[in-house]
Every structure is written in structure tokens, then in C-alpha cells.
Amino acid sequence: MINIDSRTHVRGESIYVNDIPLREDTLFGVVFASPLAHGKVKSIDFSEALQIDGVEGIISVKDIKGENQIGGIIQDEELFADKTVDYIGMPIALVCAKTERIAKKAVSRIKIDIEELHPIVTAREAYAAKKFIVPSRTFKIGDTESEWKSCAHIIEGQAEMGGQEHVYLETQGAYAYLTEDDGIKIHSSTQATKYVQRAAAKVLGMPMHKIEVDVNRIGGGFGGKEDQGTPWACMAALAAQTLRKPVKLVLSRAEDIKMTGKRHPYSFDFKLGLSKDLKIVCYEVQCFQNAGACADVSPAVMERTLFHGTASYFVPNARITVHSCKTNIPPNTAFRGFGAPQGMFVLEAALMKAAVTLGVDMMEIQKKNLLSEGDRFPYDQEAKNCNARKCWDTAWKTFGVEKLKKEVADFNQKNDLFKKGVSLYPLCFGISFTKTSLNQGRSLVHIYSDGTVSITTGVVEMGQGVNTKILQAAAQTLSISTRRFTIHSTNTSRIANPSPTAASSGADLNGKATIMACQALLARLKGVACQELKAQDPGDIEIKDEVIYHKGRKTELTWARLVFLTEEARVSLSEHAHYATPIIHFNKAMEKGHPFAYHVYGTAVTVVTVDCLRGTYNVDLVKIIHDFGSSMNLDIDIGQVEGALLQGIGLMTIEELLIDQTGKLVYDDLSSYKVPDIYFTPRTLEVKPLDSKPDPLALLGSKAVGEPPLMYGIGTYFAILKAMREFNPQLKLELWAPMTHQKCLMSLYDNYGDLLK
Amino acid sequence: MLNFIVNNKEVRTELPPGSALVDYLRDVLHLYGTKIGCREGDCGACTILVGDLKNGGVKYETMTSCLMPLGNANHKHIVTIEGINGDELTPIQTELIQKNGTQCGFCTPGFVLSLYGFCLGDKPRILENAVEAMGGNICRCTGYKSIERAAGAIVEQLKPMGKSDQVQWLVQNKFLPGYFLEIPERLRKINVGKVVEIKDSGCIIAGGTDLLLQDPEKAIESEANLVFGAKEYKQIKFVGNKCYIGAASTFTDIKESKELNRLFPKMADYVKLVASTPVRNMATVGGNIANGSPIGDVSVMFIALDAVLVMKNKGKTREVTLKDFFAGYKKVNKDPEELIEWIYFDTPDGKTLFSFEKICKRDFLDMATVNSAMRVVVDNGIIKKASFAVGGLGPTIRYLEKAAGYLVGKRIDNQTFKQANRIAQTEITPRSRAEYKRSLVRQQLFIHLMNFSPETISLEALR
Ligand SMILES: Cc1cc2nc3c(=O)[nH]c(=O)nc-3n(C[C@H](O)[C@H](O)[C@H](O)COP(=O)(O)OP(=O)(O)OC[C@H]3O[C@@H](n4cnc5c(N)ncnc54)[C@H](O)[C@@H]3O)c2cc1C
Ligand code: FES
Ligand code: FES
């Protein structure tokens, strides 16, 4: 089934925050933010800005009736900087004016005096200064200490992985206005209506029930609007409360990039021990996470790095530690993969280093160590229905990897200026929020007396097609036409306390809740049908394609008529259901448990060509075997794989998040921060579903697909590195993602010193 | 008073000609299908079609409405997604849906309009050109492959379409609504006797791609001197052995010029590396030079051709060599109201060789990290003349006099390259990312020489 939103999308009729028709007197907010990464605020002078015609107010800490606090996991995040500024782009005030142009002009007239303090920019600096967000955590399995001596080869090294800007095409924004009796309605571009509602209530000093948060859809989120949709919504609401006028705040792209957090940069120290026959015996890694100025979701991101520290491999003795380091850059946040790509990359880097050091094919080491059924992860869960080897073998065979390798070798033999590299990347990703309590979904289903149905769930549609899947699940459960449905906006007045749309779990949690609601409705409808048909047992009643069957025989009774009768019989046609994932649990004190409902597997084959004169590259081919369980919608699921893959390739190649020593982002707009464009997408891309089993904890057996395929991009990094080594076998192995054009050229020619001779 | 047609409706506005078209479309006309993703010309979410009378019909091109000055819409037909929509989906919309080419949908109207730009353009209707038409559209959700598949299907559907009367065919085949057929007549009516008249004062606004990005307030508040589309400066002409390019020529004009592509066989490939289709349809040669950017691609090419500028100020004309035109970072030796009219250079003869290189963070739609152009005249294997211009190394584009001077009288071989590189390296002092930029200068110098004489130079020279 095609994404139900696509018709309005292609007609430009889909409504995002910035497209909501404005109420009269709407004011436009522009944020005044810190120009320095660290300092004490000595004075702020708004007077000149306030004199500009059309400026209606400047909202800052002094206007907050509740608390100046929007932190989610930890209460350490101010809405507006008060006494200190902690990163460049930290909001200090919101100028509200009759037009955005006036507000912008006013922002440029604000004067601020800040006593500059030394900024800490990198995770390692923060680690040395003992600046942490939360205490460090370690996952352990086996006994590395005693097993090092049994290793035939020990490889040590360092690696780095840069951050990544989300570049959701719709920037952050919100529109807030007063409703009757001092209530507030907020249209927000957020993945988490609950977080916005909770934080706004706290800041505005209001009870949650007075605040309605509504999200029609968002123009991409990728994690960047899980926690970070909140500040803008709170600011708009606070300004609306203070100035008693509607306030719209939509960030410009440049503001969005400067002010919001990104994927966490990580640094790593690793040590890997292999046996004589290339089995991983021991693995230790210290991960230094650059969390930014406050917690945001960094503790949870750190947790997923721990969970995925052994990637798709079985490691009998492992010790994985993550330090969440506090620095003076914008608070880093959720981004598709959520700490997993970093944990997986460093292990892959270690394997690459081992392969180069030992002069063996990396694929040989990878293959030898893939997870098998029943293997234990360091957090004690067992790999069940483990498809790691099956994906690898299927990819190997289906895509003719043996032949590909030979073709690449032949090409490299014949060509000097261009070199090719081929890599395989095995994926294993756990599904569920690692924080067990978040694994709950909600759905509200109304059947109207004409037989049509509306559904509201806790999930936010952001392009992932979740509303389509929910509709499919409902239509299938009720066995009526998909045309009878509308999926409504996500709204706190209709669905209370929803978990954020994150962790790839939106469809599983809210889809299952929808099925439960539909089943409850179905039971009541069948009861009425039973009476109407003078049957004995509702169990004999069945609805198939909008017709009611009794004991397998078609009756005259249709869906529409049955609905009408149900309403006449004073039986409820509405149902709210709540779903909580069973079996999962986790004991944080022990760092052991069963945190994931299931795992998703896959293998990507990547071939790249490096232009060895220019230090640039193309991705020739990516072919993927992916474990969808039993996909309920391959159109949408393959779309997720393709989109995530390219985002992952961008992360590993051209997307460079460079922060200078003053804490300033060097590439801070779309003209300098480059994401993949249409030319950058792989020339050939093929995604094939693994012949796999439906998973009972997945919606209709269809495994979650949002995040996992992003990690296929890791394969591109190593394919490029392999191609580069074909040109310069001596190249210094710097395991530092992303592989920008700059790094590529500088490693191809390590004779820089000879330039001037 | 500006007067033009938006979709099926004639409009008039007194808003400043230097304000951005997108704001008029969204805030005044409430056409919310045109999205704003960046306001820097870098995402394509705001892409629209601009139709202008040409040879009796209307020629449509895509532009990014976030950087398009409202004044440049005057007397034109502006088409937004709302102007495409009918009761039924068009084949382009249908293909995007069928191939799952839309996820969050925010980029989608822009892609639709770019595909229309492709359908309405003059280029062969092959996938490669459809992709080029979408080169300015960023999609963060789909990974583009599905969009490419939709484009492939559209290419198939367009096969029966002829070279002329495209609009007719597209209307008949339900790609475009019927009102498009009346647009030429309606445009003629509002265009009677109207041409772009260049004034000799005011803030010169050409394509607006630089001005509306760098200083939108100035564009709105100053009195505008619109030069975009001025016919006399939107042409390429030959006088004696000189080739003259009008300053109002767009990058697209350059890319598509038969003459320039004959003189410089790879010109179209070079210009493909500059900006994106909708930006190339707006950005002018004059603007590229006047903004004094240290990485202007066109400027780099022309400096290597030892080009000369012809400028006019309040009736007085003067000439200056391009390499002496740049005074500092984004500063040029010119009165702000002085108009660049022409740029000219010696028409290359059979012995002239030209090469342009650009390396960036991303291959397409990116500013150069380092770009360079080299022109040599080679006779019997000996370099007789050489010029070498390099951008990206400091406040202005550099003309590497010594390195070029060294090349004169030499054969192209590894030794020559090595020595030329040594000299070039003494001439430059890159300010940021110095090691990388020095390496890029070396690589590009090598590539230029290799382009000129692949048999006599080898990779060994770089080892
Ligand atoms: C998304 C994007 C991508 C880009 N990519 C590239 C790229 O790859 N390579 C590259 O080189 N450039 C690139 N540019 C910059 C672009 O080249 C320049 O913006 C463009 O050439 C300017 O031309 P314009 O007609 O739009 O100038 P305008 O913005 O109209 O004017 C720019 C300046 O030049 C002055 N001016 C314009 N015309 C004249 C004239 N005839 N006489 C005197 N003064 C004049 C104006 O007063 C103004 O000060 C890019 C820009 C954008 C927005
Ligand atoms: S809004 Fe991005 S190109 Fe115009
Ligand atoms: S569909 Fe979301 S950006 Fe293209």
C-alpha cells in the first residue's frame, strides 16, 4: 500500500507548522542567542531593540512564571540562558514583532556583555577535566582481564567518529496561541507531544491539562525533534502567554543548524584480541561521547552505544565503557541509530586494523565472528531467530560477492587513476526503547454512525509511513476498506502521555494498540450482530470485506448497517487501547536483562570508486539483504532502507561537523554543510528482503525498520578505505570518520612534505 | 508597480522589487505549496517555474523563489505547485506516488516543479537530464533512488513528445492544466512595449542569487536597478578575434551556448559543476564577477583567459583586465553603481588548450574548496603562452604569474610539472586548511597538464 499522505504531498497540500493559516495579530519570534561558547552574562540591553517600530516584546528569563527548566532525562537545561551561557547558539531571549523582518532587525540591536570563560569543545578535553553528564557505564561479558593472554594477536588503536546535522527539510518551529480560560494550544514540529506539553506546563507554570499540543505531521525528524522540538514550542507558548497574542516561531536553516544539537561525535580507544584462527577473543573499548552542554537524551544514547558495542558479532569477553562528556557545544541529541552507529563503527575499525596488520581479508574476520543462534550479548539477552549468518550468506550468494571481488581486483590491476573497493557490512540492531518504561503505545479509535473510522495514536507521522501502517493494521483487523479511515493529527487532548516517536518503535507500539482497540470494537459489534441475526454465539460471527458472516455463511448484514444498529443499541463505537511490550526488562544495577523485543539483521555489499587524483569518490553499488520479518508494506519499508542508507553514507563520508577551538561550528549553513544530493546516491541500489519469519512482537510480524539500515552506511567507509589502500598500500590507517574528500586526498598522498621540494 | 501572472491569475504588487518572490507567494498569495527549507538556494524546496516570452511561445525555467527578486517576476508567468494541480493527479505526480518518491513530503513540491522544468526544457529527454534538473533539490528522506525511478518512468512517457509545441503536448496529455495554452497571449498583453531598462543609478540586481543571500535588507530597501534579462547583455558575440559575453548572461546561457561549447569542448561539463539547475537559471556572469568571491567559478575561468571587463558608469565606459579587478575579500575596483556590461577575451584558436578543475566537499552544488583554470597555447609540443588562475586560497582569486611564466617554452612532462608546482607553491599562502589546499593546487596543476598532454606526463610525477 502506498503512503496515504503521498497525494497531498505531491500536490503541495500537506500542512506543516509554517503552513497553518495565521490568526489575526500573530507575532513572529526570532531568537537572540549566545555568541560565545562559555561565559558569565554580565548585562543585557534590550532598549534599542525595543524602540524599533513593530517590536511588541522581548521575552526572556524574567517572563517565566514557572521554572526555567526544560530538561527531559535530567533537569539541567534552561529554556533561556540566565547567569551563564554554555554554548554558541544558546537561546537568551525571543524577540516578538509584527513581522519576522522587524524581529530579525531587533535581534541585531540587542547588546550583551559576557565575561568569557574557557570553553571545552572535545570529549577528551572534558574527560580530562572530569566533566560528565552522568557517571560512566560499562557493559561486561566474560573476563577480558584473564583472556588477553590467550589471544594470538592483539590490536590496539584509536578511532574517531564525527557528529551529524539532521537537516530535516522542515526546520524546527511552533505556533502557539491562547485558548479559552487561559489555556494554550501549541502546534509544534515535534516527535514528542508529551515532552512539549510537560515542558511547557513547567515553564508556563500551568497544569498539563490546560495545554494542548497538536502535530499534524513533521517534515522529517530523524531524532532531531525528539527532545529538541521542545524549546521552540515553549518559547512560542511563553511569548503567547506573556504578550497575549498568537506567536509563531520558525527557525531559519542557519539558526536551526547553529542552535540545535546533532548526532554525538565520539572518540574511542580500542583493544582487540584475536585467536590464531581469527576468532575474536577479547574486546575492550573506551568511548568518549561528546554530549554537549546538557543532558538532553545523551544518557540514553550512551546506553545504546553500550548495547550495540559488539555489533553483529559474538564476543565472548568484552568490556565496553562509555563516558558521557559535558562540553560547550549545543546539547547533542537523538539521531537515527541513537549511539549505535558509533559503537558499531569502532568495532569495525578495529577489525579493519586487524585485517591490515595481519594481512588478511577483512571479510574473513567478519564472517568468522558473526552471531549465531543462542549467542549471548554482553547485556545477557540471547540472540533468538538470529539471522546474522543467514543474511551474510544470502548476500554473498545472491549478489555474487566472489565475482564482484574479482571484478574489483581486475579493475584495480588495470587502472592507476581510479581504484575500487568492496566491503560487506553485517547489521544487528535491537528494537525497543532501551528505557523499558517508554515501551507503551496508545490508540483511540472512533467508528462514526456512517461506518467511517477515525484513528488517533501517540505516534507522529514524519515520512516514515507509520500512519499508513496503522491504517493497514486497523483495516485488516476490522476487515473493511482502507477508504473508510482517517488518521488524525497527534494531539495531547486525544492521546495523553504518549512516548516519543522514536527508537523505530512507533508502528509496533501504536499499531499494536490500534489492533487492540479494533478488536475490542469488533467484539462489541459482533455482539450486536449476534442479536440482530438471532445467533447464539458471537464467536460464530465474522466480518469479512464489510460483510457479516455467520458460521461461515454470508448474511445480508453489512458493515455500515451493523454500525448503525450498534449505535441504536447504545453500544459504544469508540475505544481507547493501551499496549505495553511484554517480556522486556532491564536491570541497570547489573547492566543485564532482556531489553529488546527482537533484533533486526541484514548485510550490505558496497562497491566504491575513488578518484585518486582528486581524492573524491562515488558509490557504485550497494546491495542489501534485509531482515524485515514479514514486511506488511514493502513499499514503505524499502523506502526506509534506501533513505536511511544514504543518510548513513553521508554520515561516513561528506557530512563534516567541524567545531573549532572556540566552540564554533565551522560549516553552519546548507551552503557549507553538505548532505548527499541526487548525484551522490549509489549508482546501483538493490534491497532484497531476507526470507525470514514474522516476529510476534512486531506489528503484523513486520519488523521495525526506521533506524537499522542507517548503519549499512558504515560499509561505504571501509570500501573507500580499501580502495585507497589499493592506490597507496602504505597509507597510514587513520580510523576517523567521516572520510571527507580532504581526508581522502591527504591519505592518498602522504608525501605532503615533498610538495615544496 | 509589478505586473505578472501567478498560475492562472494576473497579479499586481507595489512590494519592493528586491524582496524575495517566495514571501510574496506564501505571505501575500497564501500559496503554501512552495516550501522554505533554507533560503540560501541550497535545498530546492522553494523551486518554481518562471515562464518568459521567447520566439512566439513561452520558455519555462526553474528558479529558487527564495533568492529570486520579486522584480524579476515582472511580466512573467510564475508557476507554483498550485498552478500544476488539477482535479486529477498529473502523470508526474502519479509516478512520484507510485514509485514511493515521497516520504515526509516537504521536499516534494520542489521535485515536482524541477521535473516540470525538465519536461518543458530543450534538452534531450533522457534520465541524465532529468537528474540534472533535480540537482538542486535536497531530499533527506528517500535517498533519491525512488525519485530517480519516477523520473525514469516519466522519461518513458515523454518519448512521443516532439521538440516544439511541448506545452500543447503536455496539456493534451494531462501533464499541465489547459490554461497554459492561453498564457502566451496573456503574457503578450501585459508585455506590450516592455523591456528591461537599465538605469544608471540604484542597486544593481541581476539574478539576485548573491545579493538576496548576503544582504536581503539592502535588496529590499535600496532603489533597484534590475538588469536580469536585459537583452543587449544576454548574448555572446564575436568582434574581430574577441569573444564578448554579455554580463547578464546566466550560467545556463553559458552552459548551453553552442559557440562556447565549440570553443571549449568541455564547457558544459565545467558549468555543470557550478551551482544547480535553478540557480544556474538565475545567476549571471556579471554577478559572479561583481560579487568578488574568491571562489567564483566563472571568474576563475575568465581570469585564466586573460579576460577584460567593459564597464559603464553614468554614460562613461572603461575597461579593466579581470585579474586586476579584485581588491580584497568580496571587494572589487568598481563604483557600486557602475555596470559591468561585457567581458571579452581572445577567441581561442586551434593551438589553445583550456582546462578547468573544481574540488569541493560534495561534487555538485557546492562551492569550491579550490578551483582553478589553465589556458595554454601549445605549438609543436612547446608551451608558447600560459595563464593559471586559482580560487579558494585567500581573499581573492590568484593569478599565478610565476608558475605560468615558468611553463612558457617548456614541454609538458613530469619534470615541467614538478618545477611548475614548486614555483606555484611559493606563490600561494592558503589561509585555512593550508596543507589540503596546497595539495589541491598540486593535483589540479597536474590534472590540467595531463588534460593537455596525457601521453607525456604520468602519475609518477606525484609520487
Ligand atoms: C545555491 C548557490 C550555489 C552557488 N554555487 C556557485 C558555484 O558553484 N560557483 C560559483 O562561482 N558561484 C556560485 N554561487 C554564487 C553565484 O555565482 C553568484 O551568486 C552569482 O553569479 C551572482 O549572480 P547574480 O546574477 O545572481 O548576482 P546578484 O545577486 O544579482 O548580484 C550580486 C552582486 O553583483 C552585483 N552585480 C550583478 N550584476 C552586475 C553587473 N552586471 N554589473 C555590476 N554589478 C553587478 C550586484 O549589485 C550585487 O552586488 C552560488 C550561489 C547560490 C545561491
Ligand atoms: S528554500 Fe532552499 S532553495 Fe529556496
Ligand atoms: S521526502 Fe522528506 S525531504 Fe524528501
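The sections below set out a description of the structure shown in this document. (Residues numbered from 1 in each chain as written. Chains lettered and ligands numbered in written order. Predicted model: local features only at pLDDT ≥ 70, side-chain atom pairs only at ≥ 80, totals over all residues.)

**Comments concerning the packing of helix α14 (residues 466–478) of chain A against helix α15 (residues 506–532) of chain A**
Residues and elements named next belong to chain A.
Line of reasoning, step 1. Running from amino to carboxyl end, α14 crosses α15 at an angle of 25 degrees, the nearest separation of the two axes being 9 Å. With respect to each other, α14 and α15 are oriented roughly parallel. Our pair here, α14 against α15, has a crossing hand that is right-handed. Between α14, through V466, K469, I470, A473, A474, T477 and L478, and α15, the contact on the second element is made entirely by G506, A507, N510, G511, T514, I515, C518, Q519 and L522.
Line of reasoning, step 2. Across the contact of α14 with α15, the residue classes break down as 9 nonpolar, 6 polar and 1 charged. (Axes fitted to C-alpha atoms, helices over the stretch in contact; angles between N-to-C directions. Helix = DSSP H or I, 4+ residues; strand = E, 2+ residues; numbered from the N terminus. Parallel < 35°, antiparallel > 145°, perpendicular 65-115°, else oblique. Left-handed = near helix turned anticlockwise from the far one by under 90°. Contact = placed C-beta atoms within 7 Å. Nonpolar A, V, L, I, M, F, W, Y, C, P; charged D, E, K, R; others polar.)

**Things to note about unusual backbone geometry**
Residue and element names in this part refer to chain A.
Line of reasoning, step 1. Residue P738 is bonded to the preceding A737 through a cis peptide linkage, with omega at 0 degrees.
Line of reasoning, step 2. Assignment of secondary structure puts P738 in the loop between β30 (736–737) and α19 (741–748).
Line of reasoning, step 3. Positive phi outside glycine occurs at D181, with the angle close to 55 degrees.
Line of reasoning, step 4. Given 6 C-beta atoms within a 10 Å radius, D181 is considered exposed.
Line of reasoning, step 5. Not every positive phi belongs to a glycine, and F222 is a case in point at roughly 60 degrees.
Line of reasoning, step 6. For F222, the position within the fold is in the loop between β11 (211–215) and α7 (230–243).
Line of reasoning, step 7. In this structure F222 comes out as buried when scored by C-beta crowding, with 30 C-beta atoms within 10 Å. (Buried ≥ 20, exposed ≤ 12 C-beta atoms within 10 Å, placed from the backbone.)

**Describing the sheet that holds β11(A)**
Residue and element names in this part refer to chain A.
Line of reasoning, step 1. Across the sheet, which stays open at both edges, the 8 strands sit in the order β3-β5-β1-β12-β9-β10-β11-β20 with mixed pairing between neighbours. Strands with a single pairing partner mark the edges of an open sheet, and in this sheet they are β3 (55–59) and β20 (490–491).
Line of reasoning, step 2. In this sheet, β20 lies alongside β11 in antiparallel orientation, the contact comprising 2 bridges. From the neighbouring strand, D214 faces β20, where its bridge partner is N491.
Line of reasoning, step 3. Along the sheet face, helix α6 (residues 193–204) touches β10 (183–188), β11 and β20 and points at about 150 degrees away from the line of β11. (Pairing = 2+ DSSP bridges.)

**Brief notes about the sheet that holds strand β10 (residues 308–313) of chain B**
The strands making up a sheet associate through backbone hydrogen bonding, with each pair oriented either parallel or antiparallel.
All names here are of chain B.
Line of reasoning, step 1. Spatially, 5 strands are ordered β8-β9-β14-β10-β11 in an open sheet, and the strand pairing comes out antiparallel. Each edge of the open sheet carries a strand with a single partner, namely β8 (236–239) and β11 (316–321). When strand polarity is set aside, the average angle formed by the axes of neighbouring strands in this sheet is 25 degrees.
Line of reasoning, step 2. Both β10 and strand β14 (residues 339–346) contribute to a ladder of 5 bridges, which runs antiparallel. Residue pairing across strands places K312 opposite L339, the latter belonging to β14.

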